[in-house]
Amino acid sequence: MDSLEIKGGPALRGDIAISGAKNAALPLLAAGLMATNRLVLNNVPRLADTLSMEGLLGHLGVDVVRDGEQVTMSGGATDFDAPYDLVSKMRASVLVLGPLLARYGEARVSLPGGCAIGTRPVDLHIRAMQALGAVVELADGYIQARARNGLQGGRIMFPMVSVGGTENALMAAVLARGETEIVNAAREPEITDLANCLNAMGAKIEGHGTDTIRVQGVDELHAANHEVVADRIEAGTFAIAAAMTDGDLTLHGAQERHLDALLAVLRDTGATIDCAAGTIRVKGNGRPQAADITTDPFPGFPTDLQAQFMAMMCIADGSSQISETIFENRFMHVPELLRMGADIRVNGGTAMVRGRKSLTPAPVMATDLRASVSLVLAALATPGISTVSRIYHLERGYSDLETKLGNCGAQLRRVKG
Ligand code: UD1
């Protein structure tokens with residue numbers, strides 16, 4: 001397993017082009033199952049997770065062609081069974097459930113794996129399908145769902161906000177008969193991106209980006225071309241890297257309105273932020289000041305940036321309280337940050353971080369995608385050589401991370417293992 005050797009200390013300075021969002025690309029790829037003709041997606045990042053989804057679609061019979069960052073899907077499914085060996089690689093594979101059921105009236109999808117953050121059930125996805133008339137059974141580790149006469153529009157009320165649940169519900173509702181109302185829907189930019197693409201394919205969706213989405217079912221979806229939205233989590237990660245290393249990074253393609261919560265907190269820590277159309281420039285201003293955060297569904301502070309922000313607070317001036325409300329067990333980066341000399345105390349879903357002037361270099365191990373990148377940030381800001389092992393987690397979500405950081409002055413090298 002490869003590791004990254006990082007010689008920390010230098011401020012990161014320069015320009016970074018933000019890639020297409022992994023979390024938008026995954027449901028958009030799943031929507032390829034629903035196109036009667038073809039769906040062309042541009043700006044699809046080449047990542048372990050997107051390649052896994054493309055592999056799963058190929059297994060289901062979709063003709064998937066990748067050319068650089070463009071993915072063309074056509075032909076639809078010939079098989080409705082998403083097996084364990086493909087689904088266990090990535091939790092988002094469950095996103096094929098709604099499209100298969102809506103278009104073909106049947107789906108057999110293995111219960112998913114993915115990042116080991118909390119128990120992460122799929123009950124909300126299943127309830128959404130049932131609300132549209134599907135008969136769902138759980139047997140032998142599989143979700144087996146049927147809608148012999150097609151799905152019927154209905155009211156889907158989410159008891160808690162679920163991004164993936166909303167995406168599955170939306171894709172299913174688009175081809176269900178009649179009207180569907182999705183209440184307490186997720187408002188993440190990735191949902192809006194999915195709805196925009198489905199509408200370009202002929203769907204009738206309104207209210208995306210708010211907590212109530214209304215869908216008028218249509219008989220079929222036609223061909224479309226769609227550009228995947230920029231990755232706000234990648235942009236946010238580099239924004240934190242700039243502030244944390246007292247650097248100066250300009251992020252191209254990043255959208256300010258997708259990062260309001262983070263940018264407000266970064267300003268509180270003393271960073272200077274300048275936003276123009278399609279770019280965000282983040283400049284550090286010496287040692288960051290401590291600030292508190294609580295993760296929340298969009299437009300709140302994203303859970304996918306919590307670990308990175310915690311790494312920054314480890315070297316901040318003052319104490320910071322970090323509350324994680326989306327996932328249980330999403331502090332797996334804490335023991336590794338402690339190995340670098342951080343002062344963090346965890347009590348349930350809250351971590352108290354007392355900033356130190358500097359961390360100390362150490363060998364650390366990546367555990368999940370965002371935890372891994374938080375260790376990379378900690379290493380970049382710590383003078384001396386740290387090694388982050390098990391970096392395959394990073395490859396699930398960060399496109400060309402080493403090159404992008406290297407071009408901005410980071411000293412890192414991959415050690416094959
Ligand atoms: C998506 C993102 C992930 C991000 C998360 C929250 C993708 C591919 N992944 O994950 O990066 O961290 O949103 O912003 O887009 N839950 C249930 N039952 C369900 C579904 C979810 O209890 O059926 C719970 C989860 O355990 C979690 C919470 O709901 O506590 C939110 O999860 P959800 O929004 O569904 O996350 P994902 O879609 O899996």
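Please refer to the structure higher up on the page.
Here the structure is a predicted model, which is why all the values come from computation and not from measurement.

Asks: Looking at this structure, I do not really get the environment of Leu41. What am I missing?
Replies: Mapping Leu41 onto the fold places it in strand β3 (residues 38-42). According to the relative accessible area criterion, Leu41 is buried, its value standing at 0%. When sequence neighbours within four positions are dropped, the list of residues in contact with Leu41 reads Leu28, Leu29, Glu69, Gln70, Val71, Met73, Cys197 and His226.

Asks: Which parts of the structure should I look at to understand the sheet that holds strand β7 (residues 106-110)?
Replies: Sheets are built from strands that pair by backbone hydrogen bonding, the pairs being arranged parallel or antiparallel. With mixed pairing, 4 strands are arranged side by side in an open sheet as β6-β7-β9-β8. Every other strand in the sheet has two partners, leaving β6 (81-82) and β8 (135-139) as the edge strands with one partner each. Running at roughly 160 degrees to β7, helix α4 (residues 97-104) makes contact with β7 and β9 (142-146) of the sheet.

Asks: Help me understand the packing of aromatic side chains, please; the structure alone is not making it clear to me.
Replies: Two aromatic rings, taken as a pair, are described by how far apart their centres are and by the angle between their planes. In the structure shown here, the tally under the stated rule is 2 aromatic pairs. Geometrically, the ring pair formed by Phe301 and Phe309 is edge-to-face, given 5.7 Å between the ring centres and 65 degrees between the ring planes. No difference in accessibility class separates Phe301 from Phe309, as the two residues are buried. Of note, Arg108 hangs over the ring of Tyr142, and the distance from its end group to the ring centre comes to 3.8 Å.

Asks: Would you explain the site of the ligand in this entry?
Replies: Around the ligand, a shell composed of 20 residues is seen, among which Asp123, Leu124, Ser162, Asp304 and Ile326 lie nearest. In the complex, 87% of the free accessible area of the ligand, which totals 740 Å², lies under the protein chains. For the shell around the ligand, the secondary-structure elements that each account for two or more residues are α1 (22-31), α5 (123-131) and α6 (163-174). Looking at the shell around the ligand element by element, the count peaks at 3 residues for α5. Split into classes, the residues belonging to the shell around the ligand amount to 10 nonpolar, 5 polar and 5 charged.

Asks: Would you mind going over the side chain of Gln308 with me for this structure?
Replies: Note on placement: Gln308 falls in helix α10 (residues 306-313). The class for Gln308 is buried, based on a relative accessible area of 0%. Apart from the residues lying within four places of it in its own chain, the contact partners of Gln308 are Ile233, Thr237, Ile240, Arg370, Val373, Ser374, Leu377 and Tyr398.

Asks: Explanation requested: the pairing of strand β23 (residues 384-389) in the structure shown.
Replies: Here is the key point about a regular strand: its side chains alternate between the two faces of the sheet. Bridge count between strand β1 (residues 3-8) and β23: 6 bridges; the pairing is antiparallel. Each bridged residue has a counterpart across the sheet, and for Leu4 the counterpart in β23 is Val388.

Asks: Please clarify how the side chain of Gln306 should be interpreted in this entry.
Replies: The topology assignment puts Gln306 in helix α10. One polar contact links the side chain of Gln306 to the main-chain carbonyl oxygen of Arg330, over a distance of 3.1 Å. Beyond its immediate chain neighbours, meaning those up to four positions away, Gln306 contacts Ile293, Thr295, Phe301, Ile322, Glu324, Arg330, Phe331 and His333.

Asks: Would you take a moment to explain α6 for this structure?
Replies: Helical geometry: 3.6 residues make up each α-helical turn, so side chains three or four residues apart lie on a common side. Spanning 12 residues, α6 covers 17 Å between terminal C-alpha atoms, matching the ideal 16 Å at 1.5 Å per step. For α6, the tally of buried residues reaches 11 of 12 residues, placing the bulk of the element in the interior. Within α6, burial applies to Gly164, Gly165, Thr166, Glu167, Asn168, Ala169, Leu170, Met171, Ala172, Ala173 and Val174. Here α6 starts with a cap whose side-chain oxygen sits 2.9 Å from the backbone nitrogen of Gly165, and that cap is Ser162.

Asks: Explain the environment of Gly55 here, please?
Replies: Assignment of secondary structure puts Gly55 in helix α2 (residues 48-59). When the C-alpha atoms of Gly55 and Leu86 are compared, they prove to be 7.9 Å apart, with 31 residues separating the residues in sequence.

Conventions used here
Residues numbered from 1 in each chain as written. Predicted model: local features only at pLDDT ≥ 70, side-chain atom pairs only at ≥ 80, totals over all residues. Heavy atoms only, no water. Helix = DSSP H or I, 4+ residues; strand = E, 2+ residues; numbered from the N terminus. Buried < 20%, exposed > 50% of the residue type's maximum accessible area, 1.4 Å probe, protein only. Contact = heavy atoms within 4.5 Å. Pairing = 2+ DSSP bridges. Axes fitted to C-alpha atoms, helices over the stretch in contact; angles between N-to-C directions. Phe/Tyr/Trp six-rings, centres within 6.5 Å; stacked < 30°, edge-to-face > 60°. Lys NZ or Arg CZ within 6 Å of the ring centre and 35° of its normal. Near = heavy atom within 4 Å. Areas by Shrake-Rupley, 256 points an atom, 1.4 Å probe, with all protein chains shown as cover. Nonpolar A, V, L, I, M, F, W, Y, C, P; charged D, E, K, R; others polar. Polar contact = N/O pair within 3.5 Å; in protein donor to acceptor, adjacent residues only side chain to side chain. Expected span 1.5 Å × (residues − 1).

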